[in-house]
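A look at the structure
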Amino acid sequence: MDSLERLASLFEKFPGIGPRQAERFVQYLLRGGSALRRELAKTIEELSGAVERCSECMRFFASLKKSATPVCTICADKDRDAKLLAIVASNADLNALERSHTYRGRYFVLGGTISLASEKTNHLRMRELLSSIPARARNGLREIILALPANPEGDATAVRLREELAPLSKESKFAITSLGRGLSTGSELEYADPDTIKNALAGRK
Ligand SMILES: [Zn+2]
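Since this is a predicted model, take the numbers as computed values, not measurements. (Residues numbered from 1 in each chain as written. Predicted model: local features only at pLDDT ≥ 70, side-chain atom pairs only at ≥ 80, totals over all residues.)

In this section: the sheet that holds strand β4 (residues 105-109). Spatially, the four strands line up as an open sheet ordered β4-β3-β5-β6, and their pairing is parallel. Among the strands making up the open sheet, the edge pair consists of β4 and β6 (175-178). The sheet shows a mean angle of 25° between the axes of neighbouring strands, direction not considered. Inspection of the sheet shows strand β3 (residues 81-88) paired to strand β5 (residues 143-147) by five bridges, in the parallel sense. In the sheet register, Leu-85 faces β5, and the bridge partner there is Ile-144. Helix α7 (residues 152-172) rests against β3, β5 and β6 of the sheet, and its axis sits at about 165° to β6. (Pairing = 2+ DSSP bridges. Helix = DSSP H or I, 4+ residues; strand = E, 2+ residues; numbered from the N terminus. Axes fitted to C-alpha atoms, helices over the stretch in contact; angles between N-to-C directions. Contact = placed C-beta atoms within 7 Å.)

Although it is not a glycine, His-101 adopts a positive phi angle of roughly 55°. Positive phi, close to 55°, is recorded for Lys-173, a residue that is not glycine. With 10 C-beta atoms counted inside 10 Å, the residue Lys-173 sits in the exposed group. (Buried ≥ 20, exposed ≤ 12 C-beta atoms within 10 Å, placed from the backbone.)

Below, the structure written as structure tokens:
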């Protein structure tokens, strides 16, 4: 395999990318010039060195220096509203909310949804979430928004979260809301367009 074919076969491993799109990417890089290729190679290289998990929202981010309690740019941003906390299933869902440019609160990445077959939650960061709530409440938390996928697993996860959060919500007087279903049933937040997300946020209850 020469390097063009090797690159095409690497692109083909990307989610949703077929052989023809992979080939188009390769052609684009060939036409794009050496500056583009260097930037791409350098950015990918940086990923392996400095990716950390944020100690507050639990998302992965590229950090400039190693730290015992890494904090991502979103969590470090003092202009973000500490009154709002959105609980999302994945990094991809967080990115979808960010792309809509309507949400200015904080996040927590749960790490998945409850599987309906097993009802197991031990793969989720339920405990980390619950233990972070008192400090968030002291910091002015007024509302937790359950921004979970609009499917049966997401719904089951929302029910469980409401149960787990209820005592804390009573004690610290914050509301628990869910995204409005401008998102059609079964659709993933990750693939929703910014307007749909904006409507789902506006219609939360
Ligand atoms: Zn963070």
